[in-house]
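# Remarks on the overall topology
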Amino acid sequence: MQAITMEVAGMSCQHCVNAIEGSLGKLDGIHSAKVELSANHVFVTYDDSKISVGTIKETIEEQGYDVV
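Everything numeric here is computed off the predicted structure, so don't read it as measured data.

## A look at the overall build of the chain
Per the secondary structure count, the chain includes two helices and four strands. Going residue by residue from the N terminus, the α and β elements of the chain occur as β-α-β-β-α-β. If you line up the chain on its principal axes, its C-alpha atoms span 30 × 20 × 20 Å. Counting over 68 residues, the chain shows a buried share of 32%. A separation of at least 24 residues holds for 58% of the contacts in the chain among residues at least 6 apart in sequence. Of the roughly 3,900 Å² of accessible surface on the chain, a fraction of 45% belongs to carbon and sulfur atoms. Side-chain charges in the chain split into 4 positive and 10 negative, and the spacing between the mean points of these groups amounts to 5 Å.

## Concerning the nonpolar core
The nonpolar side chains of a soluble globular protein tend to be buried with one another. Counting 19 residues, the largest nonpolar core has V8, I20, V42, I56 and I60 as the members making the most contacts within it. Taken together, the elements giving at least two residues each to this core come down to β1 (2-9), α1 (14-25), β2 (30-36), β3 (41-46) and α2 (53-62). A per-element tally of this core places α1 first, with five residues. Those residues in contact with I20, other than ones at most four positions away along the chain, are V8, M11, V35, V42, I60 and Y65.

## What about α1?
For α1, with twelve residues, the first-to-last C-alpha span of 16 Å sits near the 16 Å given by 1.5 Å per residue. At its buried positions, α1 is contacted by β1, β2, β3 and α2.

Calculation notes
Residues numbered from 1 in each chain as written. Predicted model: local features only at pLDDT ≥ 70, side-chain atom pairs only at ≥ 80, totals over all residues. Heavy atoms only, no water. Helix = DSSP H or I, 4+ residues; strand = E, 2+ residues; numbered from the N terminus. Buried < 20%, exposed > 50% of the residue type's maximum accessible area, 1.4 Å probe, protein only. Contact = heavy atoms within 4.5 Å. Areas by Shrake-Rupley, 256 points an atom, 1.4 Å probe, with all protein chains shown as cover. Lys, Arg positive; Asp, Glu negative; His and termini not counted. Charge placed at Lys NZ, Arg CZ, Asp CG, Glu CD. Core = buried A, V, L, I, M, F, W, Y, C linked by side-chain atoms within 4.5 Å. Expected span 1.5 Å × (residues − 1).

Now the structure itself:
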């Protein structure tokens, strides 16, 4: 299992939290996804044999947010 913290711009409310956590939670290989709204961070634990960091980043960006 791997863990990564990503800085994400554009998050401002609970809807943003739900959109990101929900979309990541549907991906195979994601163990957990937790948004810390006040710090603009997303903490993800994942299985790197099933999913790449690039896919995680793309999934967040598909929700309309920028991974910095």
